[in-house]
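Here is what each chain is made of, one letter per residue.
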Amino acid sequence: MEEVRVFPLTCAVQNYAWGKIGLDSEVAKLVVGGDPVAVIERDKPYAELWMGAHPKGDAQIKDNRIAQTTLGQWIAHYPACLGSKVKDAFQGQLPFLFKVLSVNTALSIQAHPNKELAATLHAQFPEHYPDNNHKPEMAIALTRFQGLCGFRPVDEILGFLQAVPEFHALVGRDAAEELRSSVGDEVRTGRALKKCFTKMMSCEKKVFVDELNELVKRVTQEGAAGKDTSSSNGDLLLRLHSQYPGDIGCFSIYFLNYVVLEPGQAMFLGANEPHAYIYGDCIECMACSDNTVRAGLTRKYIDVNTLCEMLNYKPASASSKIFPCVPDPADPCVTLYDPPVPDFTVMKIQVPASVKDYTVASVDSASILLVIEGDATATSAAAFSDVTLTRGSVLFVSANESVSLQVTSQSGMTLFRACSLL
């Protein structure tokens with residue numbers, strides 16, 4: 001019998017401590033939707049759903065006619081399923097990892113290296129940098145999603161240096177003055193910003209913990225007295241400090257943009273872009289790598305020197321961090337999130353209530369399909385039998401295969417699809 005080339009997956013769940021708890025988590029809700037007998041523990045965090053072939057969370061194949069048990073094993077047997085361009089460009093590997101994240105407490109402030117730096121770091125410190133790949137990533141909000149991303153415009157940073165004496169103390173008078181006098185000269189501003197950030201990140205622990213305690217005490221008192229603490233970014237400061245007391249990352253809110261994504265909005269995080277996710281649920285797609293250089297809001301290894309050397313010190317507004325999506329000219333139901341890297345593209349497919357028969361078009365790349373809302377019966381010449389799709393269902397679709405959906409829900413369907421469009 002010819003091999004099955006379209007099949008459902010059971011995906012790996014990661015129960016990291018920062019995840020939303022029990023059925024508050026979008027991840028948990030999708031898991032239950034996709035597998036009604038799955039047991040969700042009420043007090044356990046459900047942080048990430050991994051849809052892909054990463055060795056730390058390789059998806060299980062839900063089709064007993066297939067000899068291989070995981071997606072990674074199956075792709076190794078049938079690399080042609082990737083599509084010839086993708087197979088050649090990415091050495092027979094699925095180039096992306098597709099995820100759902102449910103964030104309850106902040107993830108560490110981090111950046112991901114470009115390919116060149118990744119190779120160097122992996123060679124020098126394989127215990128901290130497990131592979132030699134870059135890790136661009138994109139987050140698409142499912143619920144209102146909050147994060148930190150990229151350096152703020154200089155006038156905002158200067159405003160905080162003036163309004164927050166504890167922050168000024170860590171940066172120091174010289175570096176702060178250098179930043180102030182660099183305004184208008186892009187090259188000098190970048191250098192001065194790097195100096196300021198490096199100075200703060202290199203502070204002795206006792207020094208910054210004392211300043212942080214002082215700041216938290218002052219903001220708490222001002223808040224209790226009914227004063228507006230927004231000039232010290234008070235609400236966010238207290239929230240992060242309650243999650244990571246005594247952590248240098250609490251001061252990074254004065255350097256980095258606070259970005260809020262409404263559902264359907266996205267941010268793209270290229271190499272060397274400092275970022276942290278703070279709260280909410282999102283779809284995430286990334287190149288297949290685990291390389292992360294951390295800067296704070298973490299109890300893990302912080303590599304201050306590497307981080308301060310690698311970052312992109314280009315100030316920009318929070319609104320510029322929202323990545324534009326474009327309608328697919330070939331299909332009114334599809335919105336494309338197409339980042340400036342070859343590793344992945346994400347499509348949002350919204351089938352309106354009026355449409356009962358919809359074809360997921362073939363693309364020249366393996367793709368992974370996730371149902372967020374709605375029900376359908378999926379048929380494909382490459383599946384040999386119908387697949388029932390419901391909220392939380394995940395389908396692997398080999399390159400150049402199309403899938404027909406007979407929509408059974410009253411209010412249409414919402415799906416996300418990840419692939420690599422070379």
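Residues numbered from 1 in each chain as written. Predicted model: local features only at pLDDT ≥ 70, side-chain atom pairs only at ≥ 80, totals over all residues. Heavy atoms only, no water.

S.K.: A description of the overall build of the chain should follow, citing residues and the corresponding values.
M.R.: Of the regular secondary structure elements, the chain holds eleven helices and 25 strands. Scaling as 2.2 N^0.38, a compact globule of 422 residues should have a C-alpha radius of gyration of about 22 Å, and the chain matches this with 23 Å. Looking at the 422 residues of the chain, the share that counts as buried comes to 56%. Taking contacts inside the chain between residues at least 6 apart in sequence as the whole, the part at least 24 apart equals 76%. Total accessible area on the chain is roughly 17800 Å²; 51% of this is exposed by carbon and sulfur atoms. Taking the 37 positively charged and 48 negatively charged side chains of the chain as two groups, their mean positions are separated by 4 Å. (Helix = DSSP H or I, 4+ residues; strand = E, 2+ residues; numbered from the N terminus. Rg over C-alpha atoms; globule rule 2.2 N^0.38 Å. Buried < 20%, exposed > 50% of the residue type's maximum accessible area, 1.4 Å probe, protein only. Contact = heavy atoms within 4.5 Å. Areas by Shrake-Rupley, 256 points an atom, 1.4 Å probe, with all protein chains shown as cover. Lys, Arg positive; Asp, Glu negative; His and termini not counted. Charge placed at Lys NZ, Arg CZ, Asp CG, Glu CD.)

S.K.: Can you explain the nonpolar core? Please cite residues and give values.
M.R.: The tendency in soluble globular proteins is for nonpolar side chains to be buried side by side. Phe167, Phe197, Met200 and Phe255 are the most contacted members of the largest nonpolar core, which totals 53 residues. Each residue touching phenylalanine 167, except ones within four places of it in the same chain, is listed here: Ile157, Phe160, Leu161, Met200, Phe251, Tyr254 and Phe255. With 46 residues, the next largest nonpolar core counts Val86, Ile140, Val346 and Ala418 among its residues. (Core = buried A, V, L, I, M, F, W, Y, C linked by side-chain atoms within 4.5 Å.)

S.K.: Can you break down the packing of aromatic side chains residue by residue, with the values?
M.R.: The relative placement of two aromatic rings is captured by the distance of their centres and the angle of their planes. Taken as a whole and assessed by the stated rule, the structure comprises 16 aromatic pairs. For the ring pair tryptophan 74 and tyrosine 78, a centre distance of 5.0 Å and an interplane angle of 45 degrees mean the geometry is tilted. An aromatic cluster is built from Phe151, Phe160, Phe167, Phe197, Phe251, Tyr254, Phe255 and Tyr313, whose rings are joined through pairwise contacts. (Phe/Tyr/Trp six-rings, centres within 6.5 Å; stacked < 30°, edge-to-face > 60°.)

S.K.: So what's going on with the domain arrangement of the chain? Which residues, and what values?
M.R.: The assigned domain composition of the chain is domain 1 (154–252) and domain 2 (326–419). One C-alpha centre belongs to domain 1, the other to domain 2, and the line joining them spans 45 Å. (Domains from an automatic or database assignment.)

S.K.: So what's going on with the sheet that holds strand β18 (residues 345–351)? Residues and values would help.
M.R.: The strand order across the open sheet built from eight strands is β6-β1-β23-β20-β25-β18-β17-β16, with neighbouring strands paired in antiparallel fashion. Here the strands that pair on one side only, and so sit at the sheet edges, are β6 (60–61) and β16 (326–327). Pairing analysis gives two bridges linking β16 to strand β17 (residues 334–337), with the strands arranged antiparallel. Counted as the bridge partner of proline 327 is threonine 335 from β17. (Pairing = 2+ DSSP bridges.)

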